[in-house]
Amino acid sequence: MWMVVPFMMLFAACEEEVQTVLGELKVEPTTCNTISCQVEVVDGMPDECLFYYATTKKAAEKNRAENVKGVYDGAVVNATIENLKPNTTYYIRACAMNGFGRTSTETVSAKTPPRIPAMDDNNYPTID
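Residues numbered from 1 in each chain as written. Predicted model: local features only at pLDDT ≥ 70, side-chain atom pairs only at ≥ 80, totals over all residues. Heavy atoms only, no water.

## Let's talk about the overall build of the chain
In terms of regular secondary structure, the chain is built from two helices and nine strands. The order of α-helices and β-strands along the chain, N terminus first, is α-β-β-β-α-β-β-β-β-β-β. Residues counted as buried form 31% of the 128 residues belonging to the chain. A separation threshold of at least 6 residues defines the contact pool for the chain, and within that pool the share at least 24 residues apart is 61%. Split by element, the accessible area of the chain, about 9,000 Å² in all, is 53% carbon and sulfur. (Helix = DSSP H or I, 4+ residues; strand = E, 2+ residues; numbered from the N terminus. Buried < 20%, exposed > 50% of the residue type's maximum accessible area, 1.4 Å probe, protein only. Contact = heavy atoms within 4.5 Å. Areas by Shrake-Rupley, 256 points an atom, 1.4 Å probe, with all protein chains shown as cover.)

Here it is as structure tokens:
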């Protein structure tokens, strides 16, 4: 029994907890009112990851924005931002927190498509 305790203490001492490090934030409009977000977790495990979004870059970067909570699956954090306005540019960044600090990605932009695609009048034949 005595040999197990030092082994466990040595094992625990080798495990190093670190601040979460995030990779590149990828965003993609999926409908006229939703944007899918994904960010790779490069190092450390996040306790929480939020995706901040706003129609101005400054608001998204200052945390004066709406946010959605991401879902961590062990390698990436995913979230879907819903109820957005069509044909609008949104600025988005991810922010991860754990007991060792807070880290954020660069702010990226994505534009939701219009509700009804614009029609090109030159591509439709006339009826005589």
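## Side note on the pattern of salt bridges
Evaluated as defined, the whole model comprises one salt bridge. Between Glu48 and Lys69 there is a salt bridge, with the nearest N and O atoms lying 3.9 Å from each other. Taken together, the positions of Glu48 in strand β3 (residues 48-54) and Lys69 in strand β4 (residues 66-69) put the pair 21 residues apart, joining distant regions of the chain. A relative accessible area of 30% means that Glu48 is categorised as partly exposed. (Salt bridge = Lys/Arg side-chain N within 4 Å of Asp/Glu carboxyl O.)

## Focus: the side chain of Asn98
You can see Asn98 is positioned in strand β7 (residues 89-98). Here the side chain of Asn98 touches Met45 through a polar contact of 3.3 Å, landing on its backbone oxygen. For Asn98, the side chain forms a polar contact with the main-chain nitrogen of Phe100, separated by 2.8 Å. Asn98 has contacts with Val18, Gln19, Thr20, Met45, Pro46 and Asp47, leaving out every residue within four places of it along the chain. (Polar contact = N/O pair within 3.5 Å; in protein donor to acceptor, adjacent residues only side chain to side chain.)

## Considerations on the side chain of Arg93
Relative to the assigned elements, Arg93 resides in strand β7. Despite its burial, Arg93 pairs with no opposite charge, the nearest such side chain being Glu61 at 6.5 Å. At 2.6 Å, the side chain of Arg93 and the side chain of Ser104 are in polar contact. In this structure, Arg93 is in contact with Leu25, Leu50, Phe51, Tyr52, Ala60, Glu61, Asn63, Ser104, Thr105, Glu106 and Thr107, ignoring residues within four places of it in sequence. (Lys, Arg positive; Asp, Glu negative; His and termini not counted.)

## A look at the confidence of the model for the chain
Taken residue by residue, the chain gives an average pLDDT of 84. The fraction at 70 or more is 78%. Per-residue pLDDT stays below 50 along residues 1-15; that stretch engages in zero contacts with residues further than four places along the chain or on separate chains. (pLDDT = per-residue confidence, 0-100.)

## Focus: the environment of Cys32
Looking at where Cys32 falls in the secondary structure, it is placed in the loop between β1 (21-31) and β2 (34-43). With 50 residues separating them in the primary sequence, Cys32 and Glu82 have C-alpha atoms 9.6 Å apart. What Cys32 contacts, discounting residues up to four positions off in sequence, is Leu84, Lys85, Pro86, Thr112, Pro113, Pro114 and Arg115.

## Points about the sheet that holds β1
Reading across from one edge, β1-β2-β6-β5 is the order of the four strands in this open sheet, with antiparallel pairing throughout. Looking at which strands have only one partner, the edges of the open sheet turn out to be β1 and β5 (71-72). (Pairing = 2+ DSSP bridges.)

## Re the pairing of β2
Here β1 pairs with β2 via eight bridges, running antiparallel. Bridge pairing in β2 places Pro29 opposite Ile35. Between β1 and β2, which pair antiparallel in sequence order, lie two residues. Relative to strand β6 (residues 76-81), β2 runs antiparallel, the two sharing six bridges. Residue pairing in the sheet places Ser36 in a bridge with Thr80 of β6.

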